[in-house]
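Listed below, chain by chain, are the residues.
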Amino acid sequence: MAVEEQRTGSRVSRPENRLVRRGFDDPARAVRLLEGPGLYGLADDPLLLDALGATADPDLALLGLARLMEAADETDRHTLRDTLTTSKPLRDRLLGVLGVSTALGDHLARHPHDWHVLVTFELRDMHPGPEDFRRALAEGVRGSDSGPADALRVAYRRCLLAIAARDLTGTTDLARTAAELADLAGATLQTALDLAVEADPEAAAACRLAVIGMGKCGGRELNYVSDVDVIFVAEPREGADEQQAVKAATRLAAALTRLCADTTGEGTIWPVDANLRPEGRNGPLVRTLASHLAYYQRWAKTWEFQALLKARPVAGDADLGAEYVETLAPLVWQAAARDNFVTDVQQMRRRVIDSIPATELDRQLKLGPGGLRDVEFSVQLLQLVHGRTDPALRSGNTLEALAALSRGGYVGRADAASLDTAYRFLRSLEHRIQLYRLRRTHLMPTDADDQRRLARSLSALINDDTRADPVAALRREWKRHSVEVRRLHEKLFYRPLLDAVAELPPGAAGLTPDAARARLEALGYTDPAAALRHISALASGVSRKAAIQRTLLPVLLGWFADSADPDAGLLNFRQVSDALGRTPWYLRLLRDESAAAEQLARVLSAGRLAPDLLLRAPEAVAMLGDPHGPEPRGRAALQSEILAAVGRAGSTTAAVAAARSVRRRELFRTAAADVLGRLGEDPAEALDTAGEALTALNAATLQGALRACVAGWEAEHGDLPTRISVIAMGRFGGHELGYGSDADVLFVHEPLLGSLEEEAARAAQAVCHELRTQLAAPSTEPPLLVDADLRPEGRSGPLVRTLASYAAYYRRWSHAWESQALLRAEPVAGDEELGARFRQLIDPLRYPGEGVPERDLVEIRRIKARIEAERLPRGADPTTHTKIGRGGLADVEWTVQLLQLRHGHGLPALRTTRTRAALAAAVGAGLVEPEDAEVLDTAWVLASRVRAAVMLVRGRPGDSFPGEARELAGVARYLGYGAGHSGELLDDYRRTTRRARAVVDRLFYGL
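Residues numbered from 1 in each chain as written. Predicted model: local features only at pLDDT ≥ 70, side-chain atom pairs only at ≥ 80, totals over all residues. Heavy atoms only, no water.

Looking now at the overall build of the protein. If you tally the helices and strands in the protein, you get 45 helices and 12 strands. The globule rule puts the C-alpha radius of gyration for 1007 residues at 30 Å, and the 38 Å found for the protein is more than 25% above it. Each principal axis of the C-alpha distribution contributes one length, and for the protein these read about 125 × 85 × 60 Å. Across the 1007 residues of the protein, 56% fall into the buried class. Restricting the contact set of the protein to residue pairs at least 6 apart, pairs at least 24 apart contribute 72%. Of the roughly 42500 Å² that the protein leaves accessible, carbon and sulfur atoms contribute 49%. (Helix = DSSP H or I, 4+ residues; strand = E, 2+ residues; numbered from the N terminus. Rg over C-alpha atoms; globule rule 2.2 N^0.38 Å. Buried < 20%, exposed > 50% of the residue type's maximum accessible area, 1.4 Å probe, protein only. Contact = heavy atoms within 4.5 Å. Areas by Shrake-Rupley, 256 points an atom, 1.4 Å probe, with all protein chains shown as cover.)

This part covers the pattern of salt bridges. Following the criterion strictly, the structure yields 64 salt bridges and no others. Residue Glu833 pairs with Arg837 through a salt bridge whose shortest N-O separation is 2.9 Å. Placement of both Glu833 and Arg837 in helix H39 (residues 832–846) is noted, with a separation of four residues, approximately one turn of the helix. Among the salt bridges present, the one from Asp937 reaches Arg916, with a minimum N-O distance of 2.7 Å. Of this pair, Asp937 sits in helix H43 (residues 930–954) while Arg916 sits in helix H42 (residues 915–924), and the two are 21 residues apart along the sequence. If you follow the salt bridges from partner to partner, you end up with Arg633, Glu641, Arg665, Glu666 and Arg669 in one network. (Salt bridge = Lys/Arg side-chain N within 4 Å of Asp/Glu carboxyl O.)

For the rest of this paragraph, the subject is the packing of aromatic side chains. Taken as a whole and assessed by the stated rule, the structure comprises 11 aromatic pairs. With a centroid separation of 5.2 Å and an interplanar angle of 85°, the aromatic rings of Tyr806 and Phe838 are classed as edge-to-face. Highlighted residues: Tyr806 in helix H37 (residues 803–812) and Phe838 in helix H39, separated in sequence by 32 residues. Assigned by exposure class, Tyr806 and Phe838 land together as buried. With a centroid separation of 5.7 Å and 70° between ring planes, the pair formed by Tyr809 and Tyr810 is classed as edge-to-face. Here the two residues Tyr809 and Tyr810 agree in accessibility, since each one is buried. Here a set of aromatic residues connected by ring pairs shows up, and it is made of Tyr806, Tyr809, Tyr810 and Phe838. Geometry around Tyr436 places Arg453 over its ring, the cationic atom sitting 3.6 Å from the centre. (Phe/Tyr/Trp six-rings, centres within 6.5 Å; stacked < 30°, edge-to-face > 60°. Lys NZ or Arg CZ within 6 Å of the ring centre and 35° of its normal.)

This paragraph deals with the pairing of strand E9 (residues 743–751). Along E9, seven of the nine residues are buried, which leaves the element largely enclosed by surrounding structure. Bridge count between strand E8 (residues 722–728) and E9: seven bridges; the pairing is antiparallel. When the sheet's bridge partners are listed, Ser725 is paired in E9 with Val748. Examined bridge by bridge, E9 and strand E10 (residues 786–787) share two bridges and lie parallel to one another. Within the sheet, the bridge partner assigned to Ala743 lies in E10 and is Val786. Two strands pair when backbone bridges link them, and E9 and strand E11 (residues 800–802) are joined in this way by three bridges, in the parallel orientation. Its bridge partner lying in E11, Phe747 is registered against Val800. (Pairing = 2+ DSSP bridges.)

Turning next to the environment of Pro128. Mapped onto the elements, Pro128 comes out in the loop between helix H8 (117–120) and helix H9 (130–142). You can call Pro128 buried: its relative accessible area is 9%. Linking Pro128 and Ala54, residues 74 residues apart in sequence, is a C-alpha distance of 27 Å. Residues within four places of Pro128 in sequence aside, it is in contact with Phe133, Arg166, Arg176 and Glu180.

On to the nonpolar core. The tendency in soluble globular proteins is for nonpolar side chains to be buried as a group. Ranked by size, the top nonpolar core spans 145 residues in total, and within it Phe573, Leu702, Tyr739 and Phe747 carry the most contacts. Residue contacts for Phe747: discarding those within four places in its chain leaves Ser725, Val726, Cys768, Leu771, Arg772, Val786, Ala788, Leu799, Val800, Arg801 and Tyr806. In terms of nonpolar packing, the next biggest core, distinct from the first, is built from 91 residues, Leu94, Leu160, Leu193 and Ala253 among them. (Core = buried A, V, L, I, M, F, W, Y, C linked by side-chain atoms within 4.5 Å.)

This part takes up the environment of Thr695. Structurally, the position occupied by Thr695 is in helix H34 (residues 683–717). With a relative accessible area of 3%, Thr695 lands in the buried category. Once you skip the residues sitting within four places of it in the chain, Thr695 turns out to touch Phe732, His735, Glu736 and Leu737.

We now examine the packing of helix H20 (residues 398–407) against helix H21 (residues 413–437). Closest axis-to-axis distance for the H20/H21 pair is 9 Å, and the angle between their directions is 170°. Overall, the two elements H20 and H21 adopt an arrangement that is roughly antiparallel. Taking contact as the criterion, the partners of Thr398, Leu399, Leu402 and Ser406 in H20 are, on H21, Arg413, Ala416, Leu419, Asp420, Tyr423 and Arg424. Tallied by class, residues from the contact of H20 with H21 come to five nonpolar, two polar and three charged. (Axes fitted to C-alpha atoms, helices over the stretch in contact; angles between N-to-C directions. Parallel < 35°, antiparallel > 145°, perpendicular 65-115°, else oblique. Nonpolar A, V, L, I, M, F, W, Y, C, P; charged D, E, K, R; others polar.)

Our next topic: the state of the cysteines. Structurally, a disulfide amounts to a covalent bond that connects the sulfur atoms of two cysteines. Scanning all chains against the criterion turns up zero disulfides. Just so you know, Cys159 is unpaired, no disulfide at all, and the nearest cysteine sulfur is the one on Cys260, 13 Å from it. (Disulfide = S-S within 2.5 Å.)

Looking at where Gln774 falls in the secondary structure, it is placed in helix H36 (residues 757–776). Dropping the residues within four chain positions of it, Gln774 is found in contact with Thr652, Thr653, Val656 and Arg660.

The residue Glu279 is not glycine, and still its phi comes out positive at about 70°. Within the element layout of this structure, Glu279 appears in the loop between strand E5 (272–273) and strand E6 (286–288). The class for Glu279 is partly exposed, based on a relative accessible area of 44%.

Take helix H31 (residues 609–616) next. An α-helix turns once per 3.6 residues; consequently, residues spaced three or four apart project the same way. Restricting attention to buried positions, one finds in H31 the residues Leu609, Ala610, Pro611, Leu613 and Leu614. Lining the buried residues of H31 we find helix H28 (566–580), helix H30 (594–604), helix H33 (652–675) and H43.

The next subject is helix H25 (residues 513–522). The complete set of buried residues in H25 reads Ala515, Ala516, Arg519, Leu520 and Ala522. For H25, the arc enclosing every buried residue in end-on projection is 165°, short of the 170-degree limit, so these residues lie on one face. Summarising the geometry of H25, the exposed residues directed more than 90 degrees from the buried face are Asp514 and Glu521. Backbone geometry just after H25 places Gly524 at a positive phi near 105°. (Arc of directions from axis to C-beta.)

Another aspect to go through is the side chain of Thr191. Its place among the elements puts Thr191 in helix H11 (residues 174–199). With relative accessibility at 7%, the residue Thr191 sits in the buried group. With sequence-adjacent residues up to four places away left out, Thr191 is seen in contact with Leu137, Val141 and Leu152.

Here you go:
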């Protein structure tokens, strides 16, 4: 470049300054390149410099141009120089490509004469089709001196160069570019097949072979760099043996694959991926049409029919390809009626999300939330649901199908337009990323220079001004489209359901009632008519409440559909909304706090217990607004609140009702936290946390109810002549309560000094009886059943005894089973000092110094065997009964308790009421091998969690797995099993408890 000084006033500008103003990052190198031999004479051309400055990366474009000039021969270089200076279209196309793609720049440096394609293509049809590409590839292979594989690759990239030039100069749109790339892929497959046939004419004589394009190739929406998904189908020619024909076709298909995918001196075109074929990579590469049909009729999964949406003949025998598509099409449009349609589709989407490495999740344009797959997935699912009855929806192209869904009223016009725009932007961004090095990637680059090049190349699609800070503008646009895609993905299935039943403004989708019912049924709602009634009741009208519900319902319906019982979730939501809809804070909370709305949806659709508790006092929804979610409260806080509420009440009944009201609310808090996974990451930890929370809640409730009943008695009779203590037993004493557990207790009293024992006994009896009655009385609050049957003499004995009476009984009449039951005794309410003395009284019985006498050991084992034989409910499966079935709770607890009875006196660590803590102490003392303890602990935790799940799902306690499929699915979901995996839960439970029973046989029975 001539060293020329340009004056602007008194300021002198060097050549580098002019290049900086035109966007060059390395002006010194640019000067050297412009003064080099290849570009000499062009350096002072302002049009060329302006054109370079207008590219996505001026430095990259200039380097590519210099390399091209240096590689070209003298004649070609002269022609190129003249064309660059006289033809703006050629200049823009060439520099546009060189400023975006270093890979195509490399190609031009190796094959400098290929720049002529940028001149000649404008003389042809601006939108070439498959035949144009086939002709260009065939000419390139025939006219090359190199081998056919390399010649095919060179011809392919020459065509790719023309497509990229049209794309980057804006003379075509995304849809047309993607279609041309797919047509070029089909032409490449056909040319490769022609080469394979030339090399193996015997195979071609034996068979007809069709290549079916799948995925983006089949949909005519291919990327610049992508695997090309195909399926091969073959038929024998007349007189040929079918088996031999399939073998011959397999040879041709394999040769075709190698020609496209093998790396040669010119690199790989793209891998040919046939893994969408029946049985995937484990199945034969080629099948006959009859074999394909048999597989899809008997064995295919839902995702395979979804993949067939895009099936299109692209190469080989056209008649056979058309017959393949025509034969399988009816099966595609029956897929939405399959039993596991919703489950299969949901699992497929989850697998895609779960497969993304955490380090790539925020950079994924294709698979991540708000990415391209969200658009494609939503469109395809709507096609499968509604395409059964509407042939207009049966397009393999995403944008064409989206437009058809909008025209048919299945998607609102505004939503379809937003989704179309977002999809085009994300695909264009993906294209630009891939063009740089012609590598298959869907990740946003992290380098700022790469992002700047992308932003400049997409400036026409970015709403913000990219001149000041192109990287920031690109990121904002990407974020905006991703958020919009995710929002529309979540509502796309559900917003039109509202349109079908609600009064919405003009322009909304026009989904018919029949189509709405079909969609709900496909999404897993078993009573779509009722669901539509609920939606109508919630969303119809012009009130502010209805308007907010119309905003909320599309997302909520999706969350309900993702549960085991969508119908129950929607019904429960309607009931809660009916109760709270006029409360200002309720809908505002759900609208403004997305976490609260999601938590409510999950709680309402997870089973009956939590919704039943919530519906008794819907204002408890407010606790879901906590950013950390509902978390159980400690006993001290609970007891303080309950005692305060009891103190404010005017009667015993009102006081106990107040305590029960707090208990109901806190039961909901714990159940909601459990359903939402807030009790602990580890299942055993969550189980322990729930047990502690429920124990603290029942203990605080008993404390409040006892105080209320004492106050009631004293209001009528004067001061109570005795002290009372409540001793927790069983799972209550072990801090292992479940949601459906009774409160097993013993009542102990001690007359005050100077009081008559008979009077004190009557008073204690009256108070304890009233406590049990009030806590179990019919009410809107859930009852707390206080069970005192573990007392001396059982139901035949007095409800409450003095400490001395307990001592006398245990001294004379105590049985081995009573000593075993006392292992879990722990004072929980009433007089603390009296409770402590009761504990001192029973310690020698439950931790006997001499251990367990042989007669007692025999008796304990006999009782256990009798329970197993006689107490199992009729018809119950002993392999799945969680309480007294094989390897269940009783097996583990009796084994641990026997160790406590035998060794508790000498080992203080065993003196605990908690099963798992005692088992851990036994391991520490060398009484149980760690492996055996782990087996027992795992079985006990699993059985306990199953009981909790049954109660949460059914709303009533149960010791066996539910027989109803939807309830069993809910139990499986709670236990962490995905949709459709209830059978795995049962298998895992049986296997776990079978191993536990083997340990019990050795440790408890001595077998």
